[in-house]
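Here is how the chains run, residue by residue.
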Amino acid sequence: YRLAIASFMFAHEYETAQDLCDEFINKGAMNSDDYANAGYLLSLREEYTKALEYYDKALELQPDNFYPIYNKAFTLNFLGKYHDAMVLFNKAIELDPTVASAYSNRALSRFKTGMEAEGHADIASAFEREANCAYRYRNLGIYHYDKEEYATALGLFRKAKEQDPATHQIDHLIQLAEMKGH
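Residues numbered from 1 in each chain as written. Predicted model: local features only at pLDDT ≥ 70, side-chain atom pairs only at ≥ 80, totals over all residues. Heavy atoms only, no water.

A. Structural view of the overall build of the protein chain. Tallying secondary structure elements over the protein chain gives 11 helices and zero strands in all. Counted from the first residue to the last, the protein chain has its helices and strands arranged as α-α-α-α-α-α-α-α-α-α-α. Whereas a compact globule of 182 residues would reach a radius of gyration of roughly 16 Å, the protein chain reaches 16 Å, a difference of no more than 12%. Structurally, the protein chain occupies a C-alpha span of about 50 × 30 × 25 Å along its principal axes. In the protein chain, which comprises 182 residues, the share counted as buried stands at 48%. Within the protein chain, contacts between residues separated by at least 24 positions form 49% of all contacts whose residues are at least 6 apart in sequence. A total of about 9100 Å² of accessible surface is found on the protein chain, and carbon and sulfur atoms cover 50% of it. (Helix = DSSP H or I, 4+ residues; strand = E, 2+ residues; numbered from the N terminus. Rg over C-alpha atoms; globule rule 2.2 N^0.38 Å. Buried < 20%, exposed > 50% of the residue type's maximum accessible area, 1.4 Å probe, protein only. Contact = heavy atoms within 4.5 Å. Areas by Shrake-Rupley, 256 points an atom, 1.4 Å probe, with all protein chains shown as cover.)

B. Structural view of the layout of surface pockets. Its boundaries defined by the atoms lining it, the largest pocket holds a volume of some 490 Å³. In this structure, the largest pocket is lined by 21 residues; those nearest its centre are Y40, Y70, S101, Y135 and D164. Of all elements in the fold, only α5 (66–78), α7 (100–112) and α9 (134–146) reach the threshold of two or more residues within the lining of the largest pocket. The dominant element in the lining of the largest pocket, judged by the number of residues it contributes, is α5, at five residues. Of the residues assigned to the lining of the largest pocket, the class counts are 13 nonpolar, six polar and two charged. There is about 230 Å³ of room inside the second largest pocket. Surrounding the second largest pocket, 15 residues form its lining, F78, L108, R138, I142 and Q169 being those nearest its centre. Only α5, α7, α9 and α11 (170–181) provide two or more residues apiece to the lining of the second largest pocket. Among the elements that line the lining of the second largest pocket, the one with the most residues is α9, at four residues. Along the lines of polarity and charge, the residues of the lining of the second largest pocket split into eight nonpolar, four polar and three charged. (1 Å grid on protein atoms, 1.4 Å probe; cavity = no way out; pocket = protein on both sides within 12 Å on 5 of 7 lines; lining within 4 Å. Points joined across faces, edges and corners; volume = space filled by probe spheres on them. Nonpolar A, V, L, I, M, F, W, Y, C, P; charged D, E, K, R; others polar.)

C. Looking closely at the nonpolar core. Counting residues in hydrophobic clusters, the biggest one holds 34 residues, and the most contacted among them are Y70 and F89. Contributing elements (two or more residues each) for this core: α2 (14–27), α3 (32–44), α4 (48–61), α5, α6 (82–95) and α7. Ranked by size, the runner-up nonpolar core spans 20 residues in total, among them A134, Y137, F157 and I174. (Core = buried A, V, L, I, M, F, W, Y, C linked by side-chain atoms within 4.5 Å.)

D. Up close: unusual backbone geometry. One non-glycine residue, E46, adopts positive backbone phi at about 65 degrees. Its location among the elements puts E46 in the loop between α3 and α4. Given a relative accessible area of 46%, E46 falls into the partly exposed group. In this structure, Q169 takes a positive phi of about 60 degrees despite not being glycine. Tracing the backbone shows Q169 in the loop between α10 (150–163) and α11. On the accessibility criterion, Q169 (25% relative accessible area) is partly exposed.

E. Spatial organisation of the pattern of salt bridges. Tallied over the full model, the rule gives 12 salt bridges. In this structure, the salt-bridge partner of E47 is R45, at a minimum N-O distance of 2.8 Å. Between K161 and D171 there is a salt bridge; the shortest N-O distance is 2.4 Å. Of this pair, K161 sits in helix α10 while D171 sits in helix α11, placing them 10 residues apart in sequence. (Salt bridge = Lys/Arg side-chain N within 4 Å of Asp/Glu carboxyl O.)

Below, the structure written as structure tokens:
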């Protein structure tokens, strides 16, 4: 199950991965990464509260597991809990400072809490680690969107989609920027 779920997730076939994950949950042999995968799949379906329950189960089993820490922080950003997300992104970065999207997603938390200079520093750190980090473009686009710089935001959202068409909510963000920019 684990390998099949991971393979379908990597291929962005999330519905199939979710079906297998549900079967695996029913078998009751889940480890920390399995709960983190289940939470991630729920986050993609915007079932954030349920996703947080799975991340908490994952962290009960393995408190210093980067994957559920990172994904819980990512989910908290979607719930607008930016301070809580920042704390977890800090921990994730301590555990693995090489993950570009941890910096770019912490940047969103920082932008949303008025820490613009720190947010821009995180965007730069993400770029240093991975030149084509889709979330770098997405989150910088959200920053510009919030500043009502819709043309800039739209260009960044399109760049994020070009880097990874499965970037969370990217089509919706593009649509919003197009509507506001016209």
